Amino acid sequence: MKVVLIGSTGLLGSAIKDELNNRNVNSLFLTHEIFDVMNSGDYEQILDFKPDMVINTAAYLGVEPCEKNPLDAFRLNCKAVEDLANFCNEHDFGLAYISTDGVFDGQDGDYTEDSFPNPINMYGLTKFNGELMTRNLCRKYYIFRIPILFGRRKNQGSIFIEKMYDLYQNGKKELKIADDVINRPSYNKDVAKKIVDLITCKSEFGIYHIYNGGGKASLYDFAVEFFKQQGIKDITIGRVKAEDFAKNEVGKKPLNTTIKSNKIEPLRDWKNAMSEFCTKN
Ligand SMILES: NC(=O)c1ccc[n+]([C@@H]2O[C@H](COP(=O)([O-])OP(=O)(O)OC[C@H]3O[C@@H](n4cnc5c(N)ncnc54)[C@H](OP(=O)(O)O)[C@@H]3O)[C@@H](O)[C@H]2O)c1
């Protein structure tokens with residue numbers, strides 16, 4: 001099997017790269033430096049390699065950035081995905097698109113692959129649009145929906161747990177974190193392994209929800225566990241509600257976007273995965 005990986009330096013992309021290398025999968029790793037998914041002229045590099053599967057991890061991330069720069073979010077999360085899906089379909093390459101639990105409105109939780117998305121912000125809307133482009137334009141496709149991640153990153157970037165850690169390192173010893181934003185924290189390495197499993201085993205095309213097991217966790221639970229496992233004791237974490245932040249934030253944040261799968265089993269307990277992450281970093 002031959003695989004092209006777009007965004008091979010990202011939080012998830014770098015873990016997928018390691019996994020493909022560990023399994024000696026014949027792969028072409030495309031960094032943003034040498035390949036811009038928004039420039040279809042760059043697709044020649046994919047054509048020359050003639051892959052079975054193209055994995056696209058590139059995205060415009062985050063609720064606030066997408067809300068503030070909707071056109072940029074649209075270009076990367078929708079238009080580029082449309083171009084790539086058409087290109088892959090034309091050349092009979094498979095396309096794996098990484099999506100998010102943020103396509104759901106967060107009213108109920110426990111969303112399966114069959115639940116219908118109802119995004120409530122620009123990030124979710126553009127990612128859902130990317131899903132539609134992928135599945136409507138490409139015959140051979142995977143959509144992997146994943147929840148909030150943790151893990152070692154090799155590029156620049158700042159997602160929830162990294163932001164909390166940065167605040168702490170910059171001297172903030174008291175944090176207030178919402179205990180009503182519920183999710184399934186997941187480890188980039190575990191998610192990457194599952195994605196590579198599904199692709200290399202030639203699993204049936206379609207949508208898959210991939211996440212670590214061990215139960216649901218609020219952002220508060222997530223942060224408390226992270227600092228505990230890092231052995232950090234000089235921090236106080238207080239509980240607040242999402243609405244306490246809402247007035248200072250741009251874009252609506254869904255409350256309970258927990259996913260489950262009616263196709264595959266959950267990955268190992270997220271706290272065990274967190275323990276591996278904290279001891280190896
Ligand atoms: N992180 C999460 O918690 C999370 C949760 C749910 C879903 N997801 C989804 O998972 C995927 C990966 O997220 P991530 O956290 O790994 O993101 P990330 O760390 O920002 O990685 C994105 C990768 O894409 C590259 N890239 C950005 N713009 C590009 C472009 N125009 N052309 C080519 N490459 C480009 C980036 O390179 P540079 O860094 O050099 O720009 C980076 O290598 C995304 O689709 C995201 O929506 C992530």
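Note that the structure is predicted; figures quoted are calculated from it, not measured.

Criteria and thresholds
Residues numbered from 1 in each chain as written. Predicted model: local features only at pLDDT ≥ 70, side-chain atom pairs only at ≥ 80, totals over all residues. Pairing = 2+ DSSP bridges. Helix = DSSP H or I, 4+ residues; strand = E, 2+ residues; numbered from the N terminus. Axes fitted to C-alpha atoms, helices over the stretch in contact; angles between N-to-C directions. Contact = placed C-beta atoms within 7 Å. Domains from an automatic or database assignment. Nonpolar A, V, L, I, M, F, W, Y, C, P; charged D, E, K, R; others polar.

Student: Talk me through the sheet that holds strand S2 (residues 26-30); I want residue IDs and the actual numbers.
Tutor: With parallel pairing, six strands are arranged side by side in an open sheet as S2-S1-S3-S4-S5-S10. At either end of the open sheet lies a strand with only one pairing partner, and these are S2 and strand S10 (206-209). The sheet shows a mean angle of 20° between the axes of neighbouring strands, direction not considered. Relative to strand S4 (residues 94-100), strand S3 (residues 53-56) runs parallel, the two sharing four bridges. By the bridge assignment for S4, Met53 is matched with Gly94. Docked against the sheet, helix H1 (residues 11-22) engages strand S1 (2-6), S2, S3 and S4, running at close to 160° with respect to S1. Lying on the sheet, helix H4 (residues 70-90) is in contact with S3 and S4; it crosses S4 at an angle near 155°.

Student: If you had to explain the domain arrangement of the protein to someone new, which residues and values would you point to?
Tutor: For the protein, the assigned domains read domain 1 (2-150 + 185-213) and domain 2 (160-182 + 215-257 + 268-280). Its C-alpha centre places domain 1 at a distance of 25 Å from the equivalent point of domain 2. Of all the secondary-structure elements, those providing two or more residues to the side of domain 1 that touches domain 2 are helix H3 (63-68), strand S9 (186-187) and strand S11 (212-213). At four residues, the largest contribution of residues to the side of domain 1 that touches domain 2 is made by H3. Of the residues belonging to the side of domain 1 that touches domain 2, the class tally is eight nonpolar, seven polar and seven charged.

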